[in-house]
Amino acid sequence: MAIGHCKDVENGEIVINGLEDLEEPFIQEEGKVVSYQDEDDDQENNGGLVGMVLLSTFVVVCASFEFGSCVGYSAPTQSAVRDDLHLSLAEFSTFGSILTIGAMLGAITSGRIADIVGRKGAMRISACFCITGWLAVYFSNGSLLLDIGRFFTGYGIGVFSYVVPIFIAEIAPRNLRGLLTTLNQLLIVTGSSVAYIIGSIIPWRILALTGLVPCVLLLVGLCFVPESPRWLAKVGLDKEFQVALRKLRGKDADITREAAEIQVYIHTLRSLPKASIRDLFKSKYIRSVIIGVSLMVLQQFVGINGIGFYTSETFVQAGLSSGKLGTILYACVQVPITVVGAFLMDKSGRRPLIMISAAGTFLGCFLAGTSFFLKGQNMFLDWVPVLAVGGILIYIAFFSIGFGAVPWVIMSEIFPINIKGVAGSLVVLVNWSGAWAVSYTFNFLMSWSSSGTFFIYSAFSVITVLFVAKFVPETKGKTLEQIQASINKS
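Analysis parameters
- Note that residues are indexed from 1 along each chain, following the sequence as it is written.
- Local features in this predicted model are restricted to residues of pLDDT 70 or higher, and side-chain atom pairs are both shown and tallied only at a pLDDT of 80 or more, whereas totals for entire chains, interfaces and linings draw on every residue.
- The basis for the side-chain values is all heavy atoms of the structure; hydrogens and waters are excluded.
- Every helix listed is a DSSP run of H or I at least four residues long, and every strand listed is a run of E at least two residues long, numbered separately from the N terminus.
- Think of it in three bands: with a 1.4 Å probe and only protein chains considered, a residue is buried below 20% of the maximum accessible area for its type, exposed above 50%, and partly exposed in between.
- Residues count as neighbours in contact if any of their non-hydrogen atoms are within 4.5 Å of one another.
- Methods summary: accessible areas were calculated by the Shrake-Rupley approach with a probe of 1.4 Å, and residue burial reflects only the protein chains presented.
- Working definition: rings of Phe, Tyr and Trp (its six-membered ring) pair if their centres are within 6.5 Å, and the pair is stacked with planes under 30 degrees apart, edge-to-face with planes over 60 apart, and tilted otherwise.
- The predictor rates its confidence in each residue with pLDDT, a number between 0 and 100.
- By convention in these notes, a salt bridge is any Lys or Arg side-chain nitrogen within 4 Å of a carboxyl oxygen on Asp or Glu.
- By this rule, a helix spans an expected 1.5 Å times one less than how many residues it contains.
- Buried residues of nine kinds, namely Ala, Val, Leu, Ile, Met, Phe, Trp, Tyr and Cys, make up a nonpolar core once their side-chain atoms join them within 4.5 Å.
- We define a polar contact as two N or O atoms separated by no more than 3.5 Å, with the added condition that, inside protein, one atom must be a possible hydrogen donor and the other a possible acceptor, whereas residues neighbouring each other in sequence contribute only through side-chain atom pairs.
- What goes into a patch is any residue over 30% in relative accessible area without a salt bridge, connected to like charges within 9 Å or, for nonpolar side chains (Val, Leu, Ile, Met, Phe, Trp, Tyr), within 5 Å.
- Orientation is described by lines fitted to C-alpha atoms, with helices fitted over the stretch in contact, and by angles between N-to-C directions that extend from 0 to 180 degrees.
- The scheme is simple: roughly parallel for angles under 35 degrees, roughly antiparallel for over 145, roughly perpendicular for 65 to 115, oblique for anything else.
- In this scheme the crossing of two helices becomes right-handed for a clockwise turn of the near helix relative to the far one and left-handed for an anticlockwise turn of less than a right angle.
- Each residue receives one of three labels: charged for Asp, Glu, Lys and Arg, nonpolar for Ala, Val, Leu, Ile, Met, Phe, Trp, Tyr, Cys and Pro, and polar for the others, Gly being one of them.

## A word on the overall build of the protein
Okay, so step 1: Of the regular secondary structure elements, the protein holds 21 helices and zero strands.
Okay, so step 2: Expressed as a percentage of its 490 residues, the buried residues of the protein come to 59%.
Okay, so step 3: Taking contacts inside the protein between residues at least 6 apart in sequence as the whole, the part at least 24 apart equals 83%.
Okay, so step 4: A total of about 18000 Å² of accessible surface is found on the protein, and carbon and sulfur atoms cover 67% of it.

Have a look at this one:
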């Protein structure tokens, strides 16, 4: 899936108000309520004081790795699962896409769960869902148990996608928030890449069992890390709040100022008015909503979840004797390019990065579509696999460098704080709905016309470039007021 980046978390601007701050399955940016100003540099830069923060982060990004493992599972296993269980194309398409239905439900309910049982409790529940799901996949002898297992893992990662970045942002000192929240995104991509690679080597049932490993590590690791101090403060557990914050900052650290700031921050959040879905259609908000929703639709309809979920079979259809090599190359491209994109986010600006990224996905889809067209015409058959593999690798490289993350960054910056929660919830639904539509229809479209499928995705890439050029403002380095002014003038 597309993965959100972090910006405001670096300045301590995290909303922790349950569903009120739910923006996106992978989003880490939140509203601007309180900034932690000029915290004691000696306290934050003392390496001895961040040991527990680092341990806590490394524990919870096991959930991020699990997220990637779930997303990457269907790509290398399509042929083997269909052959072993005698699944039709429609049945495997349901199996691949039902993950997004579970994730949609998980994302919508994650805020409430995290508020009621805490961040650690929510991650434990999610891990249990994923474990149950993987075991169901492993023991399945038909499509029903297979789909139930896939749905359960989807629900688990839907909750993970909200809780993990929020937990990291809530425990990290200001100067480490950007770096540590980036690990969430990086481990998601790494998890999917590892699933692609080892899934090309081991049987699909054994690959399902490997999905248990990050869940077990997470459940064990959570026993040794503290709960989010901000959640403890929010629910009124003042003594536990002080203990958790001191454990994170070090026993000799002066936490008085930070503790006071957190309490003020919680009070400010409680005083904010509640927005409804009808407020989104007011004239002062409607353009922001149109931009946010449109970017999510375009992000999905360039085909990322179709191409990503069924990579191996796509390479086989292009004429490769086996999709394993192409799938491994696909996996190897994702991780380093994602890292590059994270560094470019604040260097190049949002608009140029997403426009270049969309132009690259157009090129990749066009080349892949051309390869299938040539195959259908029995022309230049020696070049067909080269064009297909090259096109898909170009596609995932350019998608990873910007299209996957930038829409979430822009979305989190264009919504005023008073509608951020409800607008974010709407965007979650749109994004996961698009993910389901693309992942479910991909195999049917490929049966209809392989070249036509990629040409459709390339057309949406062109539409993205034109839409961003015309309607999307540059948000880098601008205040909320400046962003709103530029949107309303457009």
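## Considering the packing of aromatic side chains
Okay, so step 1: One pass over the structure, following the stated rule, counts 22 aromatic pairs.
Okay, so step 2: Judged by centre distance (5.5 Å) and plane angle (55 degrees), the rings of Phe92 and Phe95 are tilted. Here Phe92 pairs with Phe95, and both are found in helix 4 (residues 89–139), just three residues apart, close to one helical turn. This pair shows no difference in class: Phe92 is buried, exactly as Phe95 is.
Okay, so step 3: Where Phe372 meets Phe454, the ring centres are 5.7 Å apart and the plane angle is 15 degrees; that geometry is what we call stacked. You can see Phe372 sitting in helix 16 (residues 350–376) and its partner Phe454 sitting in helix 20 (residues 450–471), a full 82 residues away along the chain. Each member of the pair, Phe372 as well as Phe454, is classed as buried.

## With respect to the confidence of the model for the protein
Okay, so step 1: Here the protein averages 82 in pLDDT, while 86% of its residues score no lower than 70.
Okay, so step 2: Contacts from residues 3–48, a stretch scored under 50 in pLDDT, to residues over four places away or in other chains number 180 contacts.

## Focus on the environment of Ile148
Okay, so step 1: With respect to the secondary-structure elements, Ile148 resides in helix 5 (residues 143–171).
Okay, so step 2: For Ile148, a relative accessible area of 37% corresponds to the partly exposed category.
Okay, so step 3: For Ile148 and Phe95, which are 53 residues apart along the polypeptide, the C-alpha to C-alpha distance reads 8.8 Å.

## Let's talk about the pattern of salt bridges
Okay, so step 1: Applying the stated criterion across every chain yields a total of five salt bridges.
Okay, so step 2: Residue Arg119 pairs with Glu170 through a salt bridge whose shortest N-O separation is 2.8 Å. Here the residue Arg119 occupies a position in helix 4, and Glu170 occupies one in helix 5, the gap between them amounting to 51 residues.
Okay, so step 3: Overall, the relative accessible area of 1% leaves Arg119 in the buried class.
Okay, so step 4: With a closest N to O distance of 3.3 Å, Lys282 and Asp279 form a salt bridge.
Okay, so step 5: According to the relative accessible area criterion, Lys282 is partly exposed, its value standing at 40%.
Okay, so step 6: In the salt-bridge network here, residues are joined through shared partners; they are Asp115, Arg119, Glu170 and Lys234.

## Here's the deal with helix 12 (residues 283–301)
Think of an α-helix as turning once every 3.6 residues; residues three or four places apart then point the same way.
Okay, so step 1: Along its 19 residues, helix 12 runs 27 Å from first to last C-alpha, staying within 8% of the 27 Å computed at 1.5 Å per residue.
Okay, so step 2: When we look at burial in helix 12, the residues that qualify are Tyr285, Ser288, Val289, Ile291, Gly292, Leu295, Met296, Leu298, Gln299 and Gln300.
Okay, so step 3: Positive backbone phi, at 95 degrees, marks Gly303, one or two positions downstream of helix 12.

## Notes on the nonpolar core
Okay, so step 1: Counting 116 residues, the largest nonpolar core has Met123, Ile157, Phe160, Leu218, Leu295 and Ile307 as the members making the most contacts within it.
Okay, so step 2: A total of 14 residues in this core trace back to one element, the largest contributor, which is helix 4.
Okay, so step 3: Residues within four places of Leu218 in sequence aside, it is in contact with Val59, Val60, Cys62, Ala63, Met123, Ala127 and Phe160.

## Quick notes on the side chain of Ser93
Okay, so step 1: Within the secondary structure, Ser93 sits in helix 4.
Okay, so step 2: There is a polar contact of 3.1 Å between the side chain of Ser93 and the side chain of Asn443.
Okay, so step 3: Sequence-distant contacts of Ser93, that is, excluding residues within four places in its chain, are made with Tyr310, Ser439, Tyr440, Asn443 and Phe444.

## A few points about a nonpolar patch on the surface
Okay, so step 1: On the surface, a nonpolar cluster with roughly 470 Å² of combined accessible area is contributed by Leu135, Phe139, Leu144, Leu145 and Ile148.
Okay, so step 2: At three residues, the largest contribution of residues to the nonpolar patch is made by helix 5.

## As for unusual backbone geometry
Okay, so step 1: Backbone geometry at Asn378 places phi at a positive 55 degrees, although glycine is not the residue there.
Okay, so step 2: Among the residues examined, Asn378 registers a relative accessible area of 59% and is labelled exposed.
Okay, so step 3: Phi angles above zero are rare outside glycine, and Phe380 is one such case at about 45 degrees.
Okay, so step 4: Along the chain, Phe380 falls in the loop between helix 16 and helix 17 (384–403).
Okay, so step 5: Residue Phe380 is classed as exposed on the basis of its relative accessible area of 56%.

## Examining helix 16
Okay, so step 1: Given a rise of 1.5 Å per residue, 27 residues ought to cover 39 Å, and the 39 Å separating the end C-alpha atoms of helix 16 matches this to within 8%.
Okay, so step 2: Positive backbone phi, approximately 55 degrees, marks Asn378, located one or two places after helix 16.

## Things to note about the environment of Gly154
Okay, so step 1: Mapping Gly154 onto the fold places it in helix 5.
Okay, so step 2: Sequence separation between Gly154 and Ile98 is 56 residues, and the spatial gap between their C-alpha atoms is 7.5 Å.
Okay, so step 3: Beyond its immediate stretch of four places on either side in the chain, Gly154 contacts Leu99, Gly102 and Ala103.

## Quick notes on the packing of helix 4 against helix 8 (residues 212–221)
Okay, so step 1: It is the contact of helix 4 with helix 8, at a shortest axis distance of 9 Å, that shows an interaxial angle of 155 degrees. As the angle between them shows, helix 4 and helix 8 are arranged roughly antiparallel. Helix-helix and strand crossings are classified by hand; for helix 4 and helix 8 the assignment is left-handed. Contacts between helix 4 and helix 8 involve Met123, Arg124, Ala127, Cys130, Ile131, Trp134 and Leu135 on the former and, on the latter, Leu212, Cys215, Leu218 and Leu219.
Okay, so step 2: Each residue belonging to the contact of helix 4 with helix 8 can be placed in one class, and the counts come to 10 nonpolar, no polar and one charged.

## Considering the environment of Ala122
Okay, so step 1: Topologically, Ala122 is positioned in helix 4.
Okay, so step 2: Judged by its relative accessible area of 0%, Ala122 falls in the buried class.
Okay, so step 3: When the C-alpha atoms of Ala122 and Val164 are compared, they prove to be 9.5 Å apart, with 42 residues separating the residues in sequence.
Okay, so step 4: Not counting residues up to four positions away in its chain, the partners in contact with Ala122 are Ile113, Ala114, Val117, Val159 and Val163.

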